[in-house]
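Architecture at a glance
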Number of protein chains: 4
Amino acid sequence: MASIASPHMRAAIILMSCPDQTGIITAITEFVYRHQGNIIDLDEHVDFENHTFFMRIEFDLQNFTLNDDELRAYFQRYLATPYQMNWSLYFSDAKPIIALFVSQHLHCLYDILARCESKEWDVKVPVIFGNHEVARPVAERFGAEFHLLHITKENKREQEQKQIEILRQHNVELVVLTRYMQTLSDEFVNEFPTRIINIHHSLLPAFVGAKPYHQAHARGVKIIGATSHYVTAELDAGPIIEQDIVRITHKDSIQDMIRKGRDIEKVILARAVRLHMQRKILVHHNKTVVFV
Amino acid sequence: MASIASPHMRAAIILMSCPDQTGIITAITEFVYRHQGNIIDLDEHVDFENHTFFMRIEFDLQNFTLNDDELRAYFQRYLATPYQMNWSLYFSDAKPIIALFVSQHLHCLYDILARCESKEWDVKVPVIFGNHEVARPVAERFGAEFHLLHITKENKREQEQKQIEILRQHNVELVVLTRYMQTLSDEFVNEFPTRIINIHHSLLPAFVGAKPYHQAHARGVKIIGATSHYVTAELDAGPIIEQDIVRITHKDSIQDMIRKGRDIEKVILARAVRLHMQRKILVHHNKTVVFV
Amino acid sequence: MASIASPHMRAAIILMSCPDQTGIITAITEFVYRHQGNIIDLDEHVDFENHTFFMRIEFDLQNFTLNDDELRAYFQRYLATPYQMNWSLYFSDAKPIIALFVSQHLHCLYDILARCESKEWDVKVPVIFGNHEVARPVAERFGAEFHLLHITKENKREQEQKQIEILRQHNVELVVLTRYMQTLSDEFVNEFPTRIINIHHSLLPAFVGAKPYHQAHARGVKIIGATSHYVTAELDAGPIIEQDIVRITHKDSIQDMIRKGRDIEKVILARAVRLHMQRKILVHHNKTVVFV
Amino acid sequence: MASIASPHMRAAIILMSCPDQTGIITAITEFVYRHQGNIIDLDEHVDFENHTFFMRIEFDLQNFTLNDDELRAYFQRYLATPYQMNWSLYFSDAKPIIALFVSQHLHCLYDILARCESKEWDVKVPVIFGNHEVARPVAERFGAEFHLLHITKENKREQEQKQIEILRQHNVELVVLTRYMQTLSDEFVNEFPTRIINIHHSLLPAFVGAKPYHQAHARGVKIIGATSHYVTAELDAGPIIEQDIVRITHKDSIQDMIRKGRDIEKVILARAVRLHMQRKILVHHNKTVVFV
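No experiment lies behind these values; they were computed from the predicted model shown.

1. Some words on the relation of the copies chain B and chain A
Each copy of the sequence occupies a distinct position, and chain B is placed on chain A by a rotation of 180° and an axial shift of 0.0 Å, giving an RMSD of 0.0 Å. In symmetry terms, the pair is related by a two-fold rotation axis. If distances are taken from each C-alpha of chain B to the rotation axis, the shortest is found for alanine 206 of chain B, at 2.5 Å. A share of 100% of interface residues in chain B that are also interface residues in chain A marks the association as one of identical surfaces.

2. Topic: the confidence of the model for chain A
Taken over all residues, the pLDDT of chain A has a mean of 94, while the share at 70 or more is 97%. Scored by ipTM, the complex comes to 0.94, with pTM at 0.95.

3. Here we look at the packing of helix H1 (residues 24–34) of chain B against helix H2 (residues 68–80) of chain B
Residues and elements named next belong to chain B. Where H1 meets H2, the axes come as close as 12 Å, and the angle between the chain directions of the two elements is 150°. One finds that H1 runs roughly antiparallel with respect to H2. Note on packing geometry: the crossing formed by H1 with H2 is right-handed. Listed contacts from H2 to Ala27, Ile28 and Phe31 of H1 are Leu71, Tyr74, Phe75 and Leu79. Taken together, the residues of the contact of H1 with H2 break down into seven nonpolar, no polar and no charged.

4. Details of the pairing of strand E9 (residues 196–200) of chain D
All names here are of chain D. The buried count for E9 comes to five of five residues, which makes it a mostly enclosed element. Pairing geometry for strand E8 (residues 174–177) and E9, over three bridges, is parallel. Across the sheet, the residue bridging to valine 175 is isoleucine 196, located in E9. Remark: the E8/helix H6 (residues 186–191)/E9 crossover connection has right-handed handedness. One ladder, built from four bridges, connects E9 with strand E10 (residues 223–230); its direction is antiparallel. Its bridge partner being in E10, isoleucine 199 is matched across the sheet by serine 228.

5. Some remarks on the relation of the copies chain A and chain D
By a simple turn and slide, chain A fits onto chain D: the slide is 0.0 Å along the axis, the RMSD is 0.0 Å, and the turn is 180°. A shared interface surface links the copies, since 100% of the contact residues of chain A are contact residues in chain D too.

6. Some remarks on the domain arrangement of chain A
All names here are of chain A. What the domain assignment lists for chain A is domain 1 (11–91) and domain 2 (97–290). Residue-level contacts link ten residues of domain 1 with eight residues of domain 2. Counting the surface lost from both domain 1 and domain 2, the interface buries some 830 Å², and carbon and sulfur atoms represent 70% of this. Sorting the residues of domain 1 by area buried against domain 2 places Leu15, Phe54 and Arg56 first, and these three jointly supply 52% of that buried surface.

7. Considering the sheet that holds strand E4 (residues 86–91) of chain A
Residues and elements named next belong to chain A. The strand order E2-E3-E1-E4 describes an open sheet built from four strands, whose pairing is antiparallel. A single partner strand is all that each edge strand has here, and the edge strands are strand E2 (38–47) and E4. Sheet twist, expressed as the average angle between the axes of neighbouring strands with direction ignored, equals 10°. With nine bridges joining them, strand E1 (residues 11–19) and strand E3 (residues 52–60) adopt antiparallel strand pairing. Bridge pairing in E3 links serine 17 to phenylalanine 54. In this fold helix H1 (residues 24–34) packs onto E1, E2 and E3, with an angle of close to 15° to the strand it touches most, E3.

What counts as what
Residues numbered from 1 in each chain as written. Chains lettered and ligands numbered in written order. Predicted model: local features only at pLDDT ≥ 70, side-chain atom pairs only at ≥ 80, totals over all residues. Heavy atoms only, no water. Least-squares fit on C-alpha atoms with pLDDT ≥ 70 in both. Contact = heavy atoms within 4.5 Å. pLDDT = per-residue confidence, 0-100. Axes fitted to C-alpha atoms, helices over the stretch in contact; angles between N-to-C directions. Helix = DSSP H or I, 4+ residues; strand = E, 2+ residues; numbered from the N terminus. Parallel < 35°, antiparallel > 145°, perpendicular 65-115°, else oblique. Left-handed = near helix turned anticlockwise from the far one by under 90°. Nonpolar A, V, L, I, M, F, W, Y, C, P; charged D, E, K, R; others polar. Buried < 20%, exposed > 50% of the residue type's maximum accessible area, 1.4 Å probe, protein only. Pairing = 2+ DSSP bridges. Right-handed = clockwise from strand over helix to strand, strands pointing away. Domains from an automatic or database assignment. Buried area = accessible area lost by both parts, 1.4 Å probe.

And the structure:
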């Protein structure tokens, strides 16, 4: 899933950011080159305002002269440390494991499960959490464990601890909120930094919070949208990954807006999850660098 | 300009709204039919929330048995009064007269003047107001009278009175703010209800007020937009006519956003002005019904 | 499904076209009005080239003074016959029955079945035909009868007869080809005039026939698209219902195009099916009039 | 114009393509680094089908240790020759010189001239060729020399020679066809390889040749578009640079399509010209690699 190269090729992907300075690209590409790695894809970006350098590099490991541990160790010693990098290393043959949270609206849930089952995506979805029974048969039909958790102000902490435990058991690396109508506590969010993706049914920052389509209808806008973003402590304020829109007219009732919105919500959430799985997103200063 | 029918045909356009009740469409179409009018276009909309009926009807006057005054008088007596209509009557051969207000950014000004000069639009632009000299040569080259008005808190009232006077002299029916960086007083706005169109360089209601592209950049959105709307007393809160968007990425600086935004600002403002000139916009409860 | 009004209201929908002449709208609305029908929605269009009038009218039957048979008979006698109309009458409480044809690509199939199961659509899908086993488990899981039919030049006629028979048994009114990689015979198509909807993965008329994404890649286009259309005897030449696009760049391989295309194929096919179910599409001279 | 960096910085831009092999990126970035160049922007692309490597690199010359001639000579000797590159070198302070060809439709002409005059673009437009007098006053008003050339089968060769001569006198590097309704001879095209940009008012390859909007109307499409491309010997078959679309409905007459099309033609042509001026387009196998 992670590789943009052919599925038969085992590739390494490195995502990194660091203070900008000359020579970085040379140093990194030279490192890959010297160990017989073949660069499949390289994307870089310089944020001149913040003097920050961002890079995604993917290279074929077929003839690479270092094993995975050596790669990690050498890159840390000779590049990450001297250049003060934030970096992460991924391998294209690691199968991502994601968990889905859902409430009553199932369109995003169906969409993601269908992508997995039809092998459009090569990811595992071992577990689904819901706060309504309606999702259980769907989850089970698609072979995922379903947990119904009624969350109240009183039991929230404890219920979330249960969730975290189950997510750990399944080695879940990404939590996807498929129209999950329930805010997460800071504790929970901090457990999964830039590892929780939400879909909000407005073009953020417009119409934050509840019933965005009702807000849009009241304002009489001609365009509505959806936004996928990483979840942070502040509601609907996390780094935006993807957005898309659909045109509406005076003829569209709130029901029409909800219906039209569903089709972009599905697509925009799926795009964000896919980009994350492909290791194409870097987060910096509450913004995303997305290498497409 | 107003007619959607062939330019050779003289047509009447009626825009109306009233409390919804059965039989309205029959009554109106029957009225046109009885006097030998041929309906070229009919659009209607019912706002079920507010029980309000909206209609635009355009009909050929070639064989119409009433003259313009009779049409106005009879429609008022037999339809508008009994059905408590807000209505207006237009004729397709009336050439609209518009005035432009501009500051330093001239792209919308150039765009509108080019549409007029190239006969894409059949409208008159006799007068342009600016608060910088930069627009004068452009105005004069395109044959429009240019008035430089420096507006300060102190002289605002008096300067606006001057503007209103000049607009009256030219029988201006529509004021178009082509990126005019100056708020209008309530007095001025009330002189031209739903007859002042502004372009705001964001997807309202997001990023109201100054420097929307800077706000958008700070938030890290992936889509920016522009909104054309009627000007009301409250800043950037008037009825929205048209909106459009353009995608951006992490690579786009504020300068890039300003550049990309220009191209949609031009188009979105022009669309709104054209729709107004074609008598296709009705305003109700701070929203527009746009019959396209 | 058919009604755009509240689901609790029983409404009649009339779709009609006829030679254009003055007085039609009055005649029709007067007919509804006289029998205490309340017009919920009215859309009309005049094709001036072909002097043809098109109309969709939907009215509430709550206080209507005619029963369904009388409505049909009177409308025929007093309007359809004198005005030489092609017309059809639908009732909002009739639940549409559709059949799906599929090959190996299941994304559109999943999408439609999910819309039905999640009650986004109120339609029945009793039967699915496929030419590969891959779709069987999906069909059965969603509670639809699955028929595997291997179609060869030799057995095509006979296999299609079998299909027609089964479709009749289920009273199927609409056949949806969800990426069905098999052409239908003229005999079959003529059984279901404007009642077979196909999704073609290009912006028709570009890239007709097989492997449109490969064709698009070879030409180096920057935009790809999908087209939903009614199936006629000529391949990919039927009346276009809906189209949508997605941007691509030099970075997109054919695989990327196939992936990106899937998401618009799903949406564009679903939009077309929904518009058909809502009785919003009229076909004339191999074009559609779509009242949205 | 060419630089994407701050206008105050003098930068070099290198566009190159060559057979793909490992180590290229290292070699190039190392070359820049060794001579104290600071990389402002780097984009690369590998075409795996054709085993071709593409790159655009832009670097700050402030502390660069080679002068322009040395840069050109060393890059040729140490990189271009060993790696068999097609390459070109540009400097951000060189002001592009473009010529415009126009017929009767002036919207693209107005649009480009306004961008230049308003300093949105920092380019020179010394000369405009037209085959109708209508463009003369516009050209002169914007301070460009205007040449009226009536081209017939008989005088085509000779007239084009005159054009080439004038273009050479003005050191024109890019010819822009702003809706120029006249085909160019192969001789002319070969004079300016990938240096003639045309706007075609359809989404190529659909509706090649004359009257694309009429063709689109006849087919009943729901989306029309515009395509900017480099001109080659074959009509409307050159490498596509940019495309955009606008939605239409059954209500849109051919006149409406022409009107709606104008607004995307302007924008799509301008985008292509700008990308060319910024040295962001590489052409290979009749396709473009566009680094945005």
